[in-house]
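Given next are the chains, with one letter for each unit.
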Amino acid sequence: MLCAILIVFIPIRQAIVFQPRDSTQKTAYIPLGNKNHFKIKYTHSIHLSDVVESYKILPDHRIQQYELMYEETAVGMPANAAEGETFEQKNGKYYIKNMKRIFPSFYLRIGQVRANHRVIFQNKEFPLKRSIKPGTSVKVEIKKLNFLQLWKGVNILESN
């Protein structure tokens, strides 16, 4: 009996975790398996065009933003790349590549009106508003989840 109880609490599955700041809401997650890349896509609130942030998961579970794609250089978007990065314009879109912005985690507020935040994982888009209440602030991080956390949370890949 004790072994069965302990097994429930042993971290077993690495995931991208979207932890709401409001503890009354469920944690949403994407099980990673052997994948280590994901993107967050949203509609910019001012110029109403898509922005795509590309991330990879480092071996120490930190998150590296390595690319940014957008369609307008208007308010709120960079007009050039930072040192060591590259700026390209291709097919009417702007790209900042070779980014090495590394985070242990970051916060994201799920858009209520226009943003329509989506996660792109394995070339499929998953609207976050299906799993997380719009307007919610979430901490995005890479964690190993135990059986109980997986059971109590919402698997974003299954919420479509």
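Residues numbered from 1 in each chain as written. Predicted model: local features only at pLDDT ≥ 70, side-chain atom pairs only at ≥ 80, totals over all residues. Heavy atoms only, no water.

Visitor: Can you walk me through the overall build of the chain in this structure?
Guide: Broken down by element type, the chain carries two helices and 12 strands. Sequence-ordered secondary structure for the chain, helices as α and strands as β, is α-β-β-β-β-β-β-β-β-β-β-β-α-β. Summarising its shape, the C-alpha atoms of the chain cover approximately 60 × 35 × 25 Å along the three principal directions. Taking all 160 residues of the chain together, 42% fall into the buried category. Averaging the positions of the 24 positive and the 13 negative side-chain charges in the chain gives two centres separated by 7 Å. (Helix = DSSP H or I, 4+ residues; strand = E, 2+ residues; numbered from the N terminus. Buried < 20%, exposed > 50% of the residue type's maximum accessible area, 1.4 Å probe, protein only. Lys, Arg positive; Asp, Glu negative; His and termini not counted. Charge placed at Lys NZ, Arg CZ, Asp CG, Glu CD.)

Visitor: Help me understand the sheet that holds strand β4 (residues 50-57), please; the structure alone is not making it clear to me.
Guide: Consider a sheet: its strands pair through backbone hydrogen bonds, and that pairing is either parallel or antiparallel. What the seven strands build is an open sheet, ordered β6-β7-β5-β4-β3-β9-β10; its pairing is antiparallel. Two strands in the sheet have a free side with no partner beyond their single neighbour: β6 (86-90) and β10 (124-127). Shown here is a sheet whose adjacent strand axes are inclined to one another by a mean of 25°, direction ignored. Note: β6 against strand β7 (residues 93-103), five bridges, orientation antiparallel. Pairing of E88 across the sheet is with Y95, part of β7. (Pairing = 2+ DSSP bridges. Axes fitted to C-alpha atoms, helices over the stretch in contact; angles between N-to-C directions.)

Visitor: Would you explain a nonpolar patch on the surface in this entry?
Guide: The grouping of I12, F147 and W151 at the surface amounts to a nonpolar patch, some 400 Å² of accessible area in total. Take F147: it is sitting in helix α2 (residues 147-152). (Patch = residues over 30% accessible without salt bridge, like charges linked within 9 Å, V, L, I, M, F, W, Y side chains within 5 Å. Areas by Shrake-Rupley, 256 points an atom, 1.4 Å probe, with all protein chains shown as cover. Salt bridge = Lys/Arg side-chain N within 4 Å of Asp/Glu carboxyl O.)

Visitor: It is not clear to me how the nonpolar core should be interpreted in this structure. Could you clarify?
Guide: One recurring pattern in soluble globular proteins: nonpolar side chains tend to sit buried together. Membership of the largest hydrophobic core comes to 22 residues, with the highest contact counts inside it found for I16, F18, F38, F121, L128 and V140. Every element with two or more residues in this core is listed here: β1 (11-20), β2 (28-31), β3 (37-43), β4, β8 (106-109), β9 (118-121) and β11 (137-146). Considering every element that reaches this core, the biggest residue donor is β11, with three residues. (Core = buried A, V, L, I, M, F, W, Y, C linked by side-chain atoms within 4.5 Å.)

Visitor: Which parts of the structure should I look at to understand the pattern of salt bridges?
Guide: Proximity of charged atoms lets side chains of opposite charge pair with each other. Counted by the stated rule, this structure contains eight salt bridges. Linking D50 and K41 is a salt bridge whose minimum nitrogen-to-oxygen distance equals 3.8 Å. The salt bridge partner of E125 is R118, with a shortest N-O separation of 3.3 Å. Given a relative accessible area of 7%, R118 falls into the buried group.

Visitor: Teacher, can you tell me more about the packing of aromatic side chains here?
Guide: Any pair of aromatic rings gets described here by the distance separating the centres and the angle formed by the planes. Tallied over the entire structure, the rule returns five aromatic pairs. Ring centres 5.1 Å apart and planes at 15° place the aromatic pair Y55 and F106 in the stacked group. Remark: F106 occurs in strand β8 and Y55 occurs in strand β4; sequence separation between them is 51 residues. Both residues of the pair, Y55 and F106, belong to the buried class. The rings of F38, Y55, F103 and F106 are connected pair by pair, giving a single aromatic cluster. Over the face of the ring belonging to Y107 we find R21, whose NZ or CZ atom lies 4.0 Å from the ring centre. (Phe/Tyr/Trp six-rings, centres within 6.5 Å; stacked < 30°, edge-to-face > 60°. Lys NZ or Arg CZ within 6 Å of the ring centre and 35° of its normal.)

Visitor: What is the right way to look at the environment of R21 in this model?
Guide: Tracing the backbone shows R21 in the loop between β1 and β2. Looking at R21, the relative accessible area reads 57%, which means it is exposed. Between the alpha carbons of R21 and K139 there is a distance of 7.1 Å; along the sequence they are 118 residues apart. R21 has contacts with Y107 and S137, leaving out every residue within four places of it along the chain. (Contact = heavy atoms within 4.5 Å.)

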